[in-house]
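Report on the structure
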Amino acid sequence: METCQFACEDVHQVCHFPQVDPRFYDGIRMIMISEAFPADARDYFDGGPESKFIHNTNRVFNELGYPYRTYEDYLQNGIYLTTAIKCMKKNYLVSPVTIENCSTLLEKELEKFANIRVMMLMGDFAIRAVNAIYKRKHKVRVIPAGSTYKIRKETFESNGVHFFPSYTQTGDSFGIEKTKVEMITDDVRRAMRVLEST
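Residues numbered from 1 in each chain as written. Predicted model: local features only at pLDDT ≥ 70, side-chain atom pairs only at ≥ 80, totals over all residues. Heavy atoms only, no water.

**Observations concerning helix α3 (residues 96-110)**
With 15 residues, α3 should cover 21 Å at 1.5 Å per step; its first-to-last C-alpha distance of 21 Å lies within 8% of that length. Among all positions of α3, only T98, I99, N101, C102, S103, L105, L106, E107, E109 and L110 are buried. (Helix = DSSP H or I, 4+ residues; strand = E, 2+ residues; numbered from the N terminus. Expected span 1.5 Å × (residues − 1). Buried < 20%, exposed > 50% of the residue type's maximum accessible area, 1.4 Å probe, protein only.)

**What about the nonpolar core?**
If you look at the biggest cluster of nonpolar residues, it comprises 61 residues, and the most contacted ones within it are I33, F61, M119 and F163. Looking at which element gives the most residues to this core, the answer is helix α6 (residues 178-197), with 8 residues. Apart from the residues lying within four places of it in its own chain, the contact partners of I33 are T82, T83, A84, L106, L110, M119, M120, L121, M122, A126 and V130. (Core = buried A, V, L, I, M, F, W, Y, C linked by side-chain atoms within 4.5 Å. Contact = heavy atoms within 4.5 Å.)

**Side note on the pairing of strand β6 (residues 118-122)**
Working note: regular strand, side chains alternate between the two faces of the sheet. Most of β6 sits out of view: 5 of its 5 residues are buried. Neither face of β6 is open: one carries V118, M120 and M122, the other M119 and L121, and all of them are buried. Here strand β4 (residues 30-37) runs beside β6; their pairing, made up of 4 bridges, is parallel. Pairing of I33 across the sheet is with L121, part of β6. (Pairing = 2+ DSSP bridges.)

**Here's the deal with the side chain of T83**
Along the chain, the position of T83 falls in strand β5 (residues 79-89). Within the structure, T83 has its side chain in polar contact with the backbone oxygen of I85 (distance 3.0 Å). Every residue in contact with T83, bar those within four places of it in the chain, is listed here: I33, S34, E35, A36, F37, Y44, F45, F53 and L106. (Polar contact = N/O pair within 3.5 Å; in protein donor to acceptor, adjacent residues only side chain to side chain.)

**Remarks on unusual backbone geometry**
Non-glycine residue K139 carries a positive phi angle of around 60°. Positionally, K139 belongs in the loop between α4 (124-138) and α5 (148-151).

**Some words on the environment of T98**
You can see T98 is positioned in helix α3. For T98, a relative accessible area of 2% puts it in the buried group. Note: C-alpha distance between T98 and C87 (11 residues apart in sequence) is 10.0 Å.

In structure tokens:
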């Protein structure tokens, strides 16, 4: 945890970045970006075996036959898990300014991975943050405006990376809406097919 360089008013200004052994850097080929750091740090992806974020993510991958259990299991299989918003939110939503600020931190975070082929954007914060990154770097918006429900099955690709907009799997309400869980599972299935074919 570290003090954030930005003075966003709608988050607690303490950033968290997952700690990753550099030996995994070159093997990371898929990035899964969820929405925001949890209220309890123990629920983050690297928070331990009782982490809610890992539990929810496992539910999806296990359903598809991937026997992942821990954060390191994902790293060992070329998948990096992170969030678009690096600090704890004060309320449910955050401002466009906060997302823009966090997108610069996310951009720096992802620079260590030179072999990214797939990005899963789990929720609106992730979609908007990655759009901000690609507008700065490549002058393109990788995901068009529109309801995730309507665009999630379209094909989006830029600079050799395939993008999959979906819904967040890390929120407290995950699992309540069965249809959403099914859509997330389907999105992950399609993303893994692309990953395994490249």
